[in-house]
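# Overview (structure and organization)
One letter stands for each residue in the lines below.
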Amino acid sequence: MRRSVSVAILAAVLAIGFVATVEGRRGFALSAQEKALMEVKIDNFSYAPATLTVAAGTTVTWTNRDDIPHTVVSTDDPKTFKSKVLDTDEKFSFTFSKPGTFAYFCSIHPKMTGKVIVQ
């Protein structure tokens, strides 16, 4: 009787451990997916995604995939962020520390616009 109770307890502990491991991996995958969403691609004279919603404290990275230079400049005054001119495959990152809506544009091609919504 004691042996069957011990085996049952051991089986329950192993099952809980297995579920916790699987859930932990799902959480890890979600974190990696969320990190991937914090990237904005610059290509074909546009920012993609054009609107990005993130949590406060998140770092967003813009990568120029276009064949010509672009910038990332906030529309507010004074500027919250302003990149240098980004050539092909160059990156610019900014950490959004407070909530708000942050519109931006390319100072070389002002019709290129985007925004980051920080919650």
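Residues numbered from 1 in each chain as written. Predicted model: local features only at pLDDT ≥ 70, side-chain atom pairs only at ≥ 80, totals over all residues. Heavy atoms only, no water.

## Structural notes on the overall build of the protein chain
The number of helices and strands found in the protein chain is one helix and eight strands. Taken from the N to the C terminus, the helices and strands of the protein chain come in the order α-β-β-β-β-β-β-β-β. Within the span of the protein chain, comprising 119 residues, buried residues form 26% of the whole. In the protein chain, the share of contacts with a sequence separation of at least 24, taken over all contacts with a separation of at least 6, comes to 49%. Accessible surface, the protein chain: about 7,900 Å² in total, of which carbon and sulfur atoms supply 61%. (Helix = DSSP H or I, 4+ residues; strand = E, 2+ residues; numbered from the N terminus. Buried < 20%, exposed > 50% of the residue type's maximum accessible area, 1.4 Å probe, protein only. Contact = heavy atoms within 4.5 Å. Areas by Shrake-Rupley, 256 points an atom, 1.4 Å probe, with all protein chains shown as cover.)

## Remarks on the pairing of strand β8 (residues 113–118)
Moving residue by residue along a regular strand, the side chains alternate between the two faces of the sheet. Residues Gly114, Val116 and Val118 line the buried face of β8, whereas the alternating positions Thr113, Lys115 and Ile117 sit on a face that is not buried. With four bridges joining them, strand β3 (residues 51–54) and β8 adopt parallel strand pairing. Residue pairing across strands places Leu52 opposite Val116, the latter belonging to β8. Sheet analysis places strand β7 (residues 100–105) next to β8, joined by six bridges and oriented antiparallel. Within β8, the residue paired with Phe102 across the bridge is Val116. (Pairing = 2+ DSSP bridges.)

## Some words on the side chain of Asp66
With respect to the secondary-structure elements, Asp66 resides in the loop between β4 (58–64) and β5 (73–74). Buried and unpaired, Asp66 has no salt bridge, with Arg65 as the nearest side chain of opposite charge at 11 Å. Residues in contact with Asp66, not counting those within four places in the same chain, are Ile42, Asp43, Asn44, Phe45 and Thr88. (Lys, Arg positive; Asp, Glu negative; His and termini not counted. Salt bridge = Lys/Arg side-chain N within 4 Å of Asp/Glu carboxyl O.)

## Topic: the sheet that holds β3
As summarised here, the arrangement of the four strands in space is β3-β8-β7-β5, forming an open sheet in which the pairing is mixed. The strands lining the two open edges of the sheet, one partner per strand, are β3 and β5.

## Description of the sheet that holds strand β1 (residues 39–43)
Pairing is mixed in the open sheet, where four strands are placed in the order β2-β1-β4-β6. Each edge of the open sheet carries a strand with a single partner, namely β2 (46–48) and β6 (91–96). Shown here is a sheet whose adjacent strand axes are inclined to one another by a mean of 20°, direction ignored. Where β1 lies against β4, four bridges are found, and the strand directions are parallel. (Axes fitted to C-alpha atoms, helices over the stretch in contact; angles between N-to-C directions.)

## Structural notes on the confidence of the model for the protein chain
Detailed reading of the predicted coordinates is not advisable wherever pLDDT falls low. When pLDDT is averaged along the protein chain, the result is 82, and 69% of the positions lie at 70 or above. Low pLDDT, under 50, characterises residues 18–30; the stretch is placed with zero contacts to residues that sit more than four places away or in other chains. (pLDDT = per-residue confidence, 0-100.)

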